[in-house]
Amino acid sequence: MSRRIVVGFDGSAPAVAAVEWAAADARRRELDLLIVHVGEPAEESAGLLEDAAARAHALTGGVAVTAESRTGNVVGELIAASSQADTLVVGSRGRGGFAGMVAGSVSMGVAGHAHAPVVVVRGPRVVEYGRVVVGYDGSEQAEAAMEFAVEQARSRLAQLHVVTAWPVPVPAPYAPAYDDLIEEAVRAELETARARVQPWRERNPGLIITDDQPRDHPVPALTRISETADLVVVGSHGRGGLAAAVLGSVSHGVLRHVTCPVAVVRA
């Protein structure tokens, strides 16, 4: 994996926000930055790419910034570029997207297939909360997401908030004994979820790590918590996902509903 960030750029407002996010991350983590435009070569796109590179230069504070144009399929070219990237950053939707969509076909396509963690940016962030949120269920994908989230939180001097959410069956009034079993299982799951976080605290003593175990589906839980987060990190799929699935229901739902930048990480 190369120590550089690759950002897709097409001149749209979300793509401009993606370049700004990538430039800030490159500055914090001292990584090179590559801006990639995919499409028909044209004078207009060349000018937009030059402007994006100039904007990135102004924001990075001295790290290497390069820009290149490619022809071909946008998703395919960005996936290819991700094979030599630490992170791939894209806007939530491009110039061909619908205004009401949070995540477009390109962002969904690269999030499911890229070789590196993918960060999807919807727009510029005015407020910084100093908090990175990660969805964590102990799966292999979640472990990779935690590694990424820890690095992001450390580079930002931010807190890391770990969320393990799951829906609990509605109690049955005619089966109190069954309800007791549910509560016992919930308590055991809570203890397990809290115990999973402790080794991360021990390995990162300088990082403030908080945790929460809401009784809710992960998508609405993470969406609600994301309102005061600078970044939400999820694995590409969790413990309940099919091994062959490129994007699980949680990562797919988070990409569609969370408005702050979202990172999707594959193991």
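Thresholds applied
- Residues numbered from 1 in each chain as written.
- Predicted model: local features only at pLDDT ≥ 70, side-chain atom pairs only at ≥ 80, totals over all residues.
- Heavy atoms only, no water.
- Pairing = 2+ DSSP bridges.
- Helix = DSSP H or I, 4+ residues; strand = E, 2+ residues; numbered from the N terminus.
- Axes fitted to C-alpha atoms, helices over the stretch in contact; angles between N-to-C directions.
- Contact = heavy atoms within 4.5 Å.
- 1 Å grid on protein atoms, 1.4 Å probe; cavity = no way out; pocket = protein on both sides within 12 Å on 5 of 7 lines; lining within 4 Å.
- Points joined across faces, edges and corners; volume = space filled by probe spheres on them.
- Nonpolar A, V, L, I, M, F, W, Y, C, P; charged D, E, K, R; others polar.
- Domains from an automatic or database assignment.
- Buried < 20%, exposed > 50% of the residue type's maximum accessible area, 1.4 Å probe, protein only.

(A) How the structure looks around the sheet that holds strand β5 (residues 118–121). With mixed pairing, 10 strands are arranged side by side in an open sheet as β3-β2-β1-β4-β5-β10-β9-β6-β7-β8. Of all the strands in the sheet, the pair left with one neighbour each is β3 (65–70) and β8 (209–212). Strand-to-strand twist in this sheet, taken as the mean axis angle between neighbours without regard to direction, amounts to 20°. In terms of strand pairing, strand β1 (residues 4–8) meets strand β4 (residues 87–91) through 3 bridges, oriented parallel. What sits directly across from V6, in β4, is L88. Contacts from helix α5 (residues 140–156) reach β4, β5, β6 (131–135), β7 (159–163), β9 (231–235) and β10 (262–265), with the element oriented near 160° to β9.

(B) Empty space enclosed by the protein, seen in detail. For the coordinates displayed, the defined rule picks out 1 cavity of 30 Å³ or more. As a volume, the largest cavity reaches approximately 40 Å³. V120, L255, V258, C260 and V262 are the residues nearest the centre of the largest cavity, which is lined by 10 residues in total. In the lining of the largest cavity, the residues fall into 7 nonpolar, 2 polar and 1 charged. When we break the lining of the largest cavity down by domain, the ones giving at least three residues each are domain 1 (4–121) and domain 2 (131–265).

(C) Geometry of the pairing of β5. Of the two faces of β5, the one carrying V118 and V120 and the one carrying V119 and V121 are both buried. One ladder, built from 4 bridges, connects β4 with β5; its direction is parallel. Each residue of the ladder has a partner; that of V89, found in β5, is V119. Relative to β10, β5 runs antiparallel, the two being bridged by 3 bridges. In the strand pairing of β10, V119 is matched with A263.

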